[in-house]
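Here is how the chains run, residue by residue.
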Amino acid sequence: MEFGDAMEAGWDDEESAAVLRTVGRIIKKFRERAGLTQAELGAAIGYSEEQVSSVERGRRAPKGQFLLDADRVLNAGGVIAELKKDVEEARYPKKVRDLRKLEGEAVEICSYAHSVIHGLLQTPEYARALYGTRRPVFSEVELERLVAARLARQDIFDRQPAPVFSFVLEEVTLRRPLGDRMVMRNQLEHLIAVGERRNVEIQVTPTDTADHAGLNGSIQLLRLKEGDTVAHSEAQLISSLLSHPKEIQILEARYGIIRAQALTPRKSLTVIKEVLGET
């Protein structure tokens, strides 16, 4: 789908809407300077007059190719093309943008996932299959938007200087089938590849672990450049960022115990390979 309607695609916060309105005004300004009507611009770049109008009014989010073609036709000198990054980031839900910003400022990220593989470790196919299980179901536009937002967070692995990562996964997350057999095989292979990075440690907590400190749910701790630590926690319909010192102290202690109860990274890698061989 080339366009997503602003409301259907989740442009439901003022920050995102403001970005779309600004993009629309800039395109309109260059179009009028070039002496073209909306219909003429649309014909030149392969879109309808209605689509161009919707973009200029901030009602629809233009894809990257729209911006590149409009920049070329309107002789904008790269001004319109450079809006691509702003539009892509505004496309993501606000809670994802907030989390991604914090992850981008982190020097260390510690994550425990108890029901599915952590989002920073998910392949596109796994993420799509996971969002596909949601009830009530997401629209196709919303599903693709959420998958794109999840994958965008993963560029943190290529950041320099690279953060230090610690992931603890429940063994059940390796065995819970999402998508078809190849989706799970590719996901397990991806875990092995990421786990071999020098700045990444992946640990697995065996299902038969009797004394377990992580039964209250998933945890993500982000240690920021300035020395502060914030936590991210998710439950049904709730996504929370925590920063109160007492809350952080409890979660840091809990994560330390969870990590100690898990297998070592080397043994965990062996378990992941064993599950891959069974899949």
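These notes cover the structure that comes with them. (Residues numbered from 1 in each chain as written. Predicted model: local features only at pLDDT ≥ 70, side-chain atom pairs only at ≥ 80, totals over all residues. Heavy atoms only, no water.)

### Some details on the packing of aromatic side chains
For clarity, the threshold we go by: Aromatic rings from Phe, Tyr and Trp, taking only the six-membered ring of Trp, are treated as a pair when their centres fall within 6.5 Å; an angle between ring planes under 30 degrees marks them as stacked, one over 60 as edge-to-face, and anything in between as tilted. Whether a charge sits over a ring comes down to the Lys NZ or Arg CZ being within 6 Å of the ring centre and within 35 degrees of the ring normal.
What the rule picks out here adds up to four aromatic pairs. An aromatic cluster is defined as three or more aromatic residues linked by ring pairs; in this entry it consists of Phe157, Phe165 and Phe167. Cation over ring: Arg134 sits above Phe138, and NZ or CZ is 4.1 Å from the ring centre.

### Quick look at the layout of surface pockets
The gaps of empty space that remain are located by a probe, the size of a water molecule, rolled over the atoms. To be explicit about the condition: Cavities and pockets were defined on a 1 Å grid built over protein atoms only: a cavity is a set of grid points that admits a 1.4 Å probe from which the probe cannot escape, a pocket is an open set flanked by protein on both sides within 12 Å along at least five of seven lines, and lining residues are those with an atom within 4 Å of any such point. Grid points are joined across faces, edges and corners, and a volume is the space filled by probe spheres set on the points. Only DSSP runs of H or I reaching four residues or more are called helices, and only runs of E reaching two or more are called strands; each is numbered from the N terminus.
Quantified by volume, the largest pocket comes out at close to 1600 Å³. What lines the largest pocket is a set of 45 residues, and nearest its centre among them are Lys95, Tyr131, Arg150, Glu234 and Ala235. Sorting the residues of the lining of the largest pocket by element identifies α6 (94–105), β1 (106–113), α7 (124–132), α8 (140–153), β4 (219–224), β5 (229–235), β6 (238–242) and α11 (245–261) as the ones contributing at least two each. With six residues, the top contributor of residues to the lining of the largest pocket is α8.

### Quick word on the environment of Tyr126
Put simply, the test is: Residues count as neighbours in contact if any of their non-hydrogen atoms are within 4.5 Å of one another.
Along the chain, the position of Tyr126 falls in helix α7. Counting along the chain gives 58 residues from Tyr126 to Met184, while the straight-line C-alpha distance between them is 7.2 Å. Here Tyr126 is in contact with Val116, Ile117, Thr173, Leu178, Val183, Met184 and Gln187, once residues within four sequence places are set aside.

### Observations concerning the nonpolar core
Soluble globular proteins tend to pack their nonpolar side chains together in the buried interior. The line we're drawing: To qualify as a nonpolar core, a set must consist of buried Ala, Val, Leu, Ile, Met, Phe, Trp, Tyr and Cys residues joined through side-chain atoms within 4.5 Å. In this scheme, a residue with accessible area under 20% of its type's maximum is buried, one over 50% is exposed, and one in between is partly exposed, where area comes from a 1.4 Å probe on protein chains only.
Of all hydrophobic cores here, the largest spans 33 residues; its most connected members are Leu121, Phe157, Leu174 and Leu191. Of all the secondary structure elements, the ones that give two or more residues to this core are β1, α7, β2 (164–170), α10 (181–195), β3 (200–205), β4 and α12 (265–278). A per-element tally of this core places α10 first, with six residues. In contact with Phe157, other than residues within four places in its own chain, are Leu120, Leu121, Phe165, Phe167, Val194, Arg197 and Val200.

### What about the side chain of Asp71?
Here is the rule: For the charge count, each Lys or Arg is scored as positive and each Asp or Glu as negative, with His and the chain ends excluded. A pairing counts as a salt bridge when a side-chain nitrogen of Lys or Arg comes within 4 Å of a carboxyl oxygen of Asp or Glu.
The residue Asp71 is located in helix α4 (residues 64–73) in this model. The side chain of Asp71 is buried and forms no salt bridge, while Arg72, the nearest opposite charge, is found at 8.1 Å.

### Notes on unusual backbone geometry
With an omega dihedral of -5°, the bond running from Arg135 to Pro136 counts as a cis peptide bond. Position of Pro136 relative to the elements: it lies in the loop between α7 and α8. For Asn75, which is not a glycine, the phi torsion comes out positive at approximately 50°. As for its position among the elements, Asn75 is in the loop between α4 and α5 (84–91). The exposure class of Asn75 is exposed, given its relative accessible area of 60%.

### Some details on the pattern of salt bridges
Applying the stated criterion across every chain yields a total of 13 salt bridges. Linking Glu50 and Arg60 is a salt bridge whose minimum nitrogen-to-oxygen distance equals 3.9 Å. You can see Glu50 sitting in helix α3 (residues 49–56) and its partner Arg60 sitting in the loop between α3 and α4, a full 10 residues away along the chain. Look at Glu50 and you get partly exposed, because its relative accessible area is 42%. Salt-bridge contacts for Arg185 lead to Glu189; the nearest nitrogen and oxygen are separated by 3.9 Å. Here Arg185 and its partner Glu189 are both found in helix α10, four residues apart, which amounts to about one turn of the helix. Residue class for Arg185 comes out buried when judged on its relative accessible area of 19%.

### Brief notes about α3
Turning to α3, its buried residues number three or more, namely Val52, Ser53, Ser54, Val55 and Glu56. Residues of α3 that are buried sit in contact with α1 (14–33), α2 (38–45) and α4. Looking one or two residues past α3, Gly58 carries a phi angle of roughly 75°, positive in sign.

### A look at the pairing of β4
How we decide: At least two DSSP bridges between two strands are required for those strands to pair.
Most of β4 sits inside the fold, with five of its six residues counted as buried. As defined by bridge partners, β1 adjoins β4 across six bridges and the pair is classed as antiparallel. Each bridged residue has a counterpart across the sheet, and for Tyr112 the counterpart in β4 is Ile219. As defined by bridge partners, β4 adjoins β5 across four bridges and the pair is classed as antiparallel.

These results come straight from atomic positions and should not be treated as a statement about function.
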